Every structure is written in C-alpha cells, then in structure tokens.
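# Coordinate analysis (summary)
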Amino acid sequence: MGFAMLQPWVSKHAAENIWVVTPDAASLRGLQEKEGVRHVAYPNTLPSDVKPDVIVFAVKPQILEEVIAEYTAYRHSLFLSVAAGKKLDVYERKLSPAARIVRVMPNLPAKVGEAATLLVGNSQVTMVDIKNTETLLGMLGTTAWLKDESLMDAATALSGCGPAYFYLLSDILGELGHEMGLPKDLSTALAKQTMIGSAGLWKQDMLPAHTMHQNIAVKGGLTEAALQELTQNDALKALMRKALVAASERGKKLSD
Ligand SMILES: NC(=O)c1ccc[n+]([C@@H]2O[C@H](COP(=O)([O-])OP(=O)(O)OC[C@H]3O[C@@H](n4cnc5c(N)ncnc54)[C@H](OP(=O)(O)O)[C@@H]3O)[C@@H](O)[C@H]2O)c1
C-alpha cells in the first residue's frame, strides 16, 4: 500500500523531499533513485535536520504500535496512517494527545490514480491539515471524510478490501467459462477484459450501478436469466453481506 501511494506522489511531485523508512529497500522498486526520494532502513538513521510536514504510516497493523513509538519526537508533523483497524486513540496514546492524526483508508487502485479513500481525523487536526491531506490523497483518486470513526471498519470492508472482491469474481468467471468448454486462457482473458471494459464504460457513463446492470438485462434475454439466479432470494447479497461483516469484524478485532 505504501508503494501504491508513493508512486503517484513521486510522479506528481507531491513534496520537495520524500524520505522512505523501510527495512525492505526492494519494496521501493528503484524509486529511491528518483530525484527527491531518499531511503533509510530505520527511523533512528534519519538525519536530525529532517522535519517532515507529514509522516505516513503504511505498515501492518500488527507492528504499527512499535513503529509509531519511534516517531514521538516529531511534534510538528501531521501523521497519516493507513493501518486497518487501529483507532485514533492508539496514536494519541503512543505519540501525544496533542498529535494531529488522520486515519486514511485508501485502496490499491491508488497505483493508477483511481483510489477510493476514506479519511477520519482526531480533534487536533486543523483546517490546513484537512486541506493538505486532501491534496495528498486527492493525487491517488477520490476522497471523502467520515465524521464517525466507528464507520471506518465498515468502509474498510467495502473499499479497502473491495478490489479483491472484483478480482475474485473475475477469477471465478474465468474458471466457470473453462468449465463450460472455453479454452482456459481465452476464458481467463474474457473475464479480465469484461471487468476492465465494464469499469471503463461505467467511468464514462456514470449512471447508478443498478441502471448499469438493468440496461444490459433486456427482458427475456440471457443476462436477465443470469441476474435472476444471482438475485433470487437475495442470494448474492446475503453472501456479500457475510463477507463484509467478516472483514469488518476482523477490523474490530485488530483494533482490540
Ligand atoms: N493492501 C491493501 O490493499 C491495503 C488497503 C488499505 C490499507 N492497507 C493497510 O496498509 C498497511 C500495509 O499493508 P500492506 O498490505 O501494504 O502490507 P505489506 O505489503 O506487508 O507492506 C508493509 C511494508 O512495511 C515494511 N516494514 C516492516 N517493518 C517496518 C518498519 N519497522 N518500518 C517501516 N516499514 C516496515 C514491510 O517490509 P517487510 O516486507 O520487510 O516486512 C513492507 O514492505 C496495513 O496497515 C494495511 O491495513 C492495505
């Protein structure tokens, strides 16, 4: 996720200087050779004159607390974190109650400037912080603020995890096409291009999702027959509800 955000920030010159702190230099995929991007393995090797306007945490939730504890000296920075499930009070406890913190939930399409990002800030966040956060995250796609932090797990289950649901669907369609006799490669390619094409068309038409699928489901046609199966007794909806609830519950567990 860190790389997905870093790449557009570098290409769009989001900052004069970007320091990436990660023990895993390979994850930068050569970006440290670009102008303005520097890398260190650990925060204690950052030069003492580095005073970042913004610090972004993009590590696994399991190690987040030990990582943030290393940044308590940066009293003037705005902290952004993409860690799923970790509540604002965790950061306040580890950094300082006065720290300005925004939880950010982007998704992987950030890499291609198509992220759907949710934001929620603590009470210390200023109007300038809000503007700067929107500028940075706006470089990755769309942004929206949540007033109620408790909605973050539901939002994460939907948009943070969401790309995986669509890829899984494409995967299943590819397998089923093969099962119905299509050569495997062709079936996989059809499933992939159908998803890419549907997204592209939707981007152009911008009609509600319901209208988009109903426009294809001509009365008495093949699509109508398929959609009837998927929507009968809310079968697909019930399954997706279970998936979103499971993701949201996992988010809650991580925050505990
Ligand atoms: N993946 C998504 O779609 C997605 C979407 C929204 C939010 N998020 C959030 O993004 C965060 C990162 O997830 P991810 O899937 O990108 O995980 P990831 O692929 O494991 O990336 C985490 C990176 O942090 C590095 N790292 C480990 N210890 C570090 C330290 N002490 N200081 C700095 N960097 C360190 C890891 O290096 P090593 O590999 O060497 O350990 C790895 O390169 C998570 O909190 C997740 O909740 C992810």
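On a predicted model such as this, the values are computed, not experimentally measured, just so you know. (Residues numbered from 1 in each chain as written. Predicted model: local features only at pLDDT ≥ 70, side-chain atom pairs only at ≥ 80, totals over all residues. Heavy atoms only, no water.)

### Some remarks on the overall build of the chain
Condition: The helix and strand labels rest on DSSP assignments: H or I over at least four residues marks a helix, E over at least two residues marks a strand, and numbering proceeds from the N terminus. Burial here depends on accessible area, computed with a 1.4 Å probe over protein chains only, as a share of the maximum for the residue type. Under 20% is buried, over 50% is exposed, and the range in between is partly exposed. Between two residues, a contact is recorded if the distance between any of their heavy atoms is within 4.5 Å. Reported accessibility uses the Shrake-Rupley method at a 1.4 Å probe radius. Residues are deemed covered only where the shown protein chains occlude them. Residues scored as charged are limited to Lys and Arg (positive) and Asp and Glu (negative), so that His and the chain ends carry no count. Here the site of a charge means atom NZ of a Lys, CZ of an Arg, CG of an Asp or CD of a Glu.
The secondary structure content of the chain amounts to 10 helices and seven strands. Seen along its three principal axes, the alpha-carbon backbone of the chain occupies a region of about 70 × 40 × 30 Å. A burial count over the chain gives 31% of its 256 residues as buried. Of the contacts formed within the chain by residues at least 6 apart in sequence, a portion of 53% connects residues at least 24 apart. For the chain, the computed accessible surface area is about 16,100 Å², with 59% contributed by carbon and sulfur atoms. Between the averaged position of the 26 positive side-chain charges in the chain and that of its 27 negative side-chain charges there is a distance of 2 Å.

### Structural notes on the sheet that holds strand E4 (residues 78-81)
In sheet architecture, strand pairing relies on hydrogen bonds along the backbone and comes in two forms, parallel and antiparallel. Convention followed: Being paired, for any two strands, means DSSP has found at least two bridges between them. Axis geometry follows a simple rule: fit a line to the C-alpha atoms, using only the stretch in contact for helices, then measure angles between N-to-C directions, giving values from 0 to 180 degrees.
The sheet built from five strands is open, its strands ordered E3-E4-E5-E6-E7 with mixed pairing. The outermost strands of the open sheet, each flanked by one partner alone, are strand E3 (54-57) and strand E7 (141-145). The mean inter-strand angle of the sheet, taken between neighbouring strand axes irrespective of direction, is 25°.

### Considerations on the site of the ligand
Basically, it comes down to this: Only a single heavy atom is needed: when it lies within 4 Å of a molecule or strand, its residue is near that molecule or strand. Pairing of N or O atoms within 3.5 Å defines a polar contact, subject to two protein rules: one partner must be a possible hydrogen donor and the other a possible acceptor, and residues neighboring in sequence count only if both atoms are side-chain atoms. Under the grouping applied here, Gly and all other residues not named as nonpolar or charged are polar, the nonpolar ones being Ala, Val, Leu, Ile, Met, Phe, Trp, Tyr, Cys and Pro and the charged ones Asp, Glu, Lys and Arg.
Near the ligand, the surroundings consist of 18 residues, among which Met1, Val21, Val59, Ala83 and Ala84 are the closest. In the environment of the ligand, an oxygen atom lies 3.3 Å from a nitrogen or oxygen atom belonging to the side chain of Asp24. Contact distances for the ligand include 2.9 Å between an oxygen atom and a backbone N or O atom of Ala84. For the ligand, whose unbound accessible area comes to 880 Å², protein coverage reaches 67%. A total of three residues in the shell around the ligand trace back to one element, the largest contributor, which is helix H2 (residues 61-68). The residue makeup of the shell around the ligand, split by class, is 14 nonpolar, two polar and two charged.

### As for the domain arrangement of the chain
The condition that has to hold: Per the annotation, domain bounds derive from an automatic or database assignment of domains. Once two parts are brought into contact, the accessible area they lose, counted with a 1.4 Å probe and summed over both, makes up the buried area.
When cut into domains, the chain gives domain 1 (2-147) and domain 2 (162-255). Here domain 1 and domain 2 have C-alpha centroids that lie 32 Å from each other. Contacts between the two partners involve nine residues from domain 1 and, on the opposite side, five residues from domain 2. Summing both sides of the interface, domain 1 and domain 2 together bury roughly 510 Å²; the carbon and sulfur share of this comes to 60%. Contact with domain 2 buries area across many residues of domain 1, yet Gly85, Lys86 and Glu114 alone supply 47% of it, more than any other trio.

### Considering helix H1 (residues 2-11)
Judged by how many residues are buried, H1 sits mostly within the fold: seven of 10 residues are covered. Taken residue by residue, H1 has Phe3, Ala4, Met5, Leu6, Pro8, Trp9 and Val10 as its buried positions. Contact partners of the buried residues in H1: strand E1 (18-21), strand E2 (37-40), E3 and helix H4 (127-138). His13 lies just past H1 and shows a positive phi near 50°.

### Quick word on the nonpolar core
In plain terms, the rule: Here, nonpolar core means buried Ala, Val, Leu, Ile, Met, Phe, Trp, Tyr and Cys residues that are tied together by side-chain atoms lying within 4.5 Å of each other.
Residues Trp9, Leu80, Val102, Val104, Leu137 and Leu140 are the most contacted members of the largest nonpolar core, which totals 24 residues. Taken together, the elements giving at least two residues each to this core come down to H1, E1, E4, strand E5 (100-105), strand E6 (115-121) and H4. Take this core: its biggest share by element is six residues, from H1. Setting aside residues no more than four positions away along its own chain, Val104 makes contact with Leu80, Ser81, Val82, Thr117, Leu118, Leu119, Leu137 and Met152.

### Quick word on unusual backbone geometry
Unusually for a residue other than glycine, Arg29 sits at a positive phi of about 45°. Structurally, Arg29 can be placed in the loop between E1 and E2. Relative accessible area serves as the criterion here: at 55%, Arg29 is assigned to the exposed category. Even without being glycine, Asp234 reaches a positive phi, approximately 55°. The exposure class of Asp234 is partly exposed, given its relative accessible area of 41%.

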